[in-house]
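Results of the structural survey
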Amino acid sequence: MLFGVMSQVSVAAPVDFSATDVNGHVHQLSAERGNWVFINIWATWCPPCRKELPELAAFARAHKSDPIKIWGLSVDTEQSADEIALFAQSFNLSYPVFKVDPQSLRVFGNIPGIPTTFLVNPAGDIVARHVGGVTGQELTRMIQQSQ
């Protein structure tokens, strides 16, 4: 494990979140019902975040035909959406990337640091949280342990 800690999480009701990605497309988490969705909270200046991005990119490519999605929520405050989009391109991220206000993330609960990755099940419930860098194997394990 890359200094990460996974924990099972339970919320009282399905979580919803809406944001516009760095390419101008609006995404609604409730529209992803039926899919497993990883919510990865990161920043361009964060070394462990940079380290996990190739893993996330490879995982997204490997599961592009599966009911598994990744959303990358950047909490960068100094970079514009265009700068974050260029950064994401440099890592070949094929999943939606968002520039978000850290305050908007309260819907996901406790975020003790970044990177933090939440797993939302097909019913829309947050069922797991991984704090620290994550690998593709750990993402797969999160789904397996949450079924």
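Residues numbered from 1 in each chain as written. Predicted model: local features only at pLDDT ≥ 70, side-chain atom pairs only at ≥ 80, totals over all residues. Heavy atoms only, no water.

**Let's talk about the environment of F91**
- Positionally, F91 belongs in the loop between α2 (81-90) and β6 (97-99).
- Under the relative-accessibility criterion, F91 is labelled partly exposed at 21%.
- With 41 residues separating them along the chain, F91 and R50 place their C-alpha atoms 8.8 Å apart.
- Here F91 is in contact with R50, L53, P54 and A57, once residues within four sequence places are set aside. (Helix = DSSP H or I, 4+ residues; strand = E, 2+ residues; numbered from the N terminus. Buried < 20%, exposed > 50% of the residue type's maximum accessible area, 1.4 Å probe, protein only. Contact = heavy atoms within 4.5 Å.)

**Here's the deal with the packing of helix α1 (residues 47-62) against helix α3 (residues 136-146)**
- At a minimum axis separation of 9 Å, α1 and α3 run at an interaxial angle of 55°. Judged by the inter-axis angle, α1 sits oblique to α3. In this structure, α1 uses E55, L56 and F59 to contact α3, whose residues at the interface are G136, L139 and T140.
- In terms of residue class, the contact of α1 with α3 is made up of three nonpolar, two polar and one charged. (Axes fitted to C-alpha atoms, helices over the stretch in contact; angles between N-to-C directions. Parallel < 35°, antiparallel > 145°, perpendicular 65-115°, else oblique. Nonpolar A, V, L, I, M, F, W, Y, C, P; charged D, E, K, R; others polar.)

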